Amino acid sequence: MKKPSLLYASPFAPMKSGISDYSEILIYALKNEFEITLLIDDYQLDNKNLYNDFGVVVYGKDIVSFEEYDYIIYNIGNNQDFHCYIYELCLEHPGLVILHDLVIYCLVYGYYNKMGKVYSKIYEIGGSEALLKVKYAVKEAGRDLLKYWEIVSETPLNKELAESGNKIMVHSQYALDLLSQYHVCARQINMIQQVSEEFREVEKCELFEKYSIPEDAFLISSFGGIGQTKLNHIVCEVVSEIKENLDKPICYVMVGDGDYVDDYIDHRYIFKTGYVDMDEFDSFILHSDLILNLRYPSMGETSAALLKILQMGKACIINEGGWFSEIPDECVIKVSGEDMRGDLKDAILYYLREQEERESVGHSAKSYIEEEYNTAVIVHKITQFLRE
């Protein structure tokens, strides 16, 4: 029996996005149910197997007959560099949008700014309150509107997408509840497990030698883009404060891109790898003693990196807010936002010494992912949502 056709629009590597990694895993899980064609921007895919295993069409170069596909899936995140063409197409040819970030301010701002009508669109989508906030930020405060995170988090600009006729799939009850204010067909479906079956571990000695990390150190790490909303600067400050008064050496490694905290990097206690491939990324998770995944303000996002961390049974410190609040307390270590530095310092010092406690949290995390993020169940739910 012929499988139904599916057009799947998303960034893929070499586009440096967690959505690239997510999509590469998801399409192989969906492959048994659909005949899949990938719709990408104008670049060459890193994984050449994708050209053999799927059809591939390029936006702006290939003619795409949207009506010929039985189903369309669009991946939308809050990044104008990766998702502008996808946003444009989903408004013109509705399908199913996997909305990875509830707040899509940066994407919408970037998309309409190129057309010279950003302010009229902000007013149309967000109303007079959103427009006044943006104008004040520019005229009075001289802010960069793509880096002024208080405005970004308070101005989601998702109404146009929500009312576009697309079905919308989100990964948290938090996001689903906030979307309920619009007339939208939406469903909460968990992310698929994020550790690929193709994962090949890089041995600890090889990995640490490559990045000049001391192999005997207690390794604290964080993953993904380095920036203000990930609170990397707070972690650097806490590690710098406690590093001299410990029984064992300690280091903090940021596995990802971004120059936001480069002034803290000393290549003795604090390191940055830059962008790494998926095997190195996952191997750093495997070899970490304690992991941090902090977000403030929340963009209503889910974290593929955090799912990998939990799936691999590692103890991870997070802060409350959005989807993070939905993770059971026994599966993560939660710190408050009221005294972030103090709580983070206490948590690091405690779990540095208590190996059994770290292992207990990691075991609970792994069991939770196995039960709640079953691949077959998630594929079935996506398939049923498409067919409804």
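Here goes a summary of the coordinates provided. (Residues numbered from 1 in each chain as written. Predicted model: local features only at pLDDT ≥ 70, side-chain atom pairs only at ≥ 80, totals over all residues. Heavy atoms only, no water.)

**Description of the overall build of the protein**
For the protein, the count of helices and strands is 15 helices and 13 strands. For the protein, whose C-alpha radius of gyration is 21 Å, the value lies close to the compact-globule estimate of 21 Å for 388 residues. Evaluated residue by residue, the protein yields a buried proportion of 55% over its 388 residues. Of the contacts made within the protein by residues no fewer than 6 positions apart, 67% connect residues no fewer than 24 positions apart. With the model as given, the accessible surface of the protein reaches about 17,700 Å², and the carbon-plus-sulfur share is 44%. Taken together, the 36 basic and 64 acidic charged side chains of the protein have centroids lying 3 Å from each other. (Helix = DSSP H or I, 4+ residues; strand = E, 2+ residues; numbered from the N terminus. Rg over C-alpha atoms; globule rule 2.2 N^0.38 Å. Buried < 20%, exposed > 50% of the residue type's maximum accessible area, 1.4 Å probe, protein only. Contact = heavy atoms within 4.5 Å. Areas by Shrake-Rupley, 256 points an atom, 1.4 Å probe, with all protein chains shown as cover. Lys, Arg positive; Asp, Glu negative; His and termini not counted. Charge placed at Lys NZ, Arg CZ, Asp CG, Glu CD.)

**Observations concerning the packing of helix H13 (residues 340-353) against helix H14 (residues 355-372)**
Between H13 and H14, the shortest axis-to-axis distance is 5 Å and the interhelical angle comes to 100°. Here H13 lies roughly perpendicular to H14, going by the angle between them. Two secondary-structure elements touch here, H13 through Tyr350, Tyr351, Leu352 and Arg353 and H14 through Gln355, Glu357, Arg358 and Val361. Taken together, the residues that form the contact of H13 with H14 break down as 4 nonpolar, 1 polar and 3 charged. (Axes fitted to C-alpha atoms, helices over the stretch in contact; angles between N-to-C directions. Parallel < 35°, antiparallel > 145°, perpendicular 65-115°, else oblique. Nonpolar A, V, L, I, M, F, W, Y, C, P; charged D, E, K, R; others polar.)

**Things to note about the state of the cysteines**
This structure, assessed with the given rule, holds 0 disulfides. You can see Cys84 has no disulfide; the closest cysteine sulfur is in Cys106, sitting 11 Å from it. Note on Cys251: no disulfide assigned, nearest cysteine sulfur contributed by Cys236 at a separation of 12 Å. (Disulfide = S-S within 2.5 Å.)

**Examining the pattern of salt bridges**
Tallied over the full model, the rule gives 12 salt bridges. Notably, a salt bridge pairs Glu124 with Lys121, separated by 3.0 Å at the nearest N-O pair. You can see Glu124 and its partner Lys121 sitting in helix H5 (residues 118-139), 3 residues apart, about one turn around the helix. When the shortest N-O distance is used, the salt bridge between Arg341 and Glu237 registers 2.7 Å. Of this pair, Arg341 sits in helix H13 while Glu237 sits in helix H10 (residues 232-242), and the two are 104 residues apart along the sequence. When salt bridges with common partners are traced through the structure, they connect Lys121, Glu124 and Glu160 into a single cluster. (Salt bridge = Lys/Arg side-chain N within 4 Å of Asp/Glu carboxyl O.)

**A short note on a negative patch on the surface**
Judged by side-chain charge, Glu201, Glu203, Glu206, Glu209, Glu215 and Asp216 come together as a negatively charged surface patch. By the element assignment, Glu209 lies in helix H9 (residues 204-210). Glu209 sits in the exposed class, given a relative accessible area of 66%. (Patch = residues over 30% accessible without salt bridge, like charges linked within 9 Å, V, L, I, M, F, W, Y side chains within 5 Å.)

**Let's talk about the environment of Phe208**
Within the secondary structure, Phe208 sits in helix H9. Separated by 79 residues in the primary sequence, Phe208 and His287 have C-alpha atoms spaced 9.5 Å apart. Once residues lying within four places of it in the same chain are set aside, the contact partners of Phe208 are Ile213, Pro214, Glu215, Leu219, Phe284 and His287.

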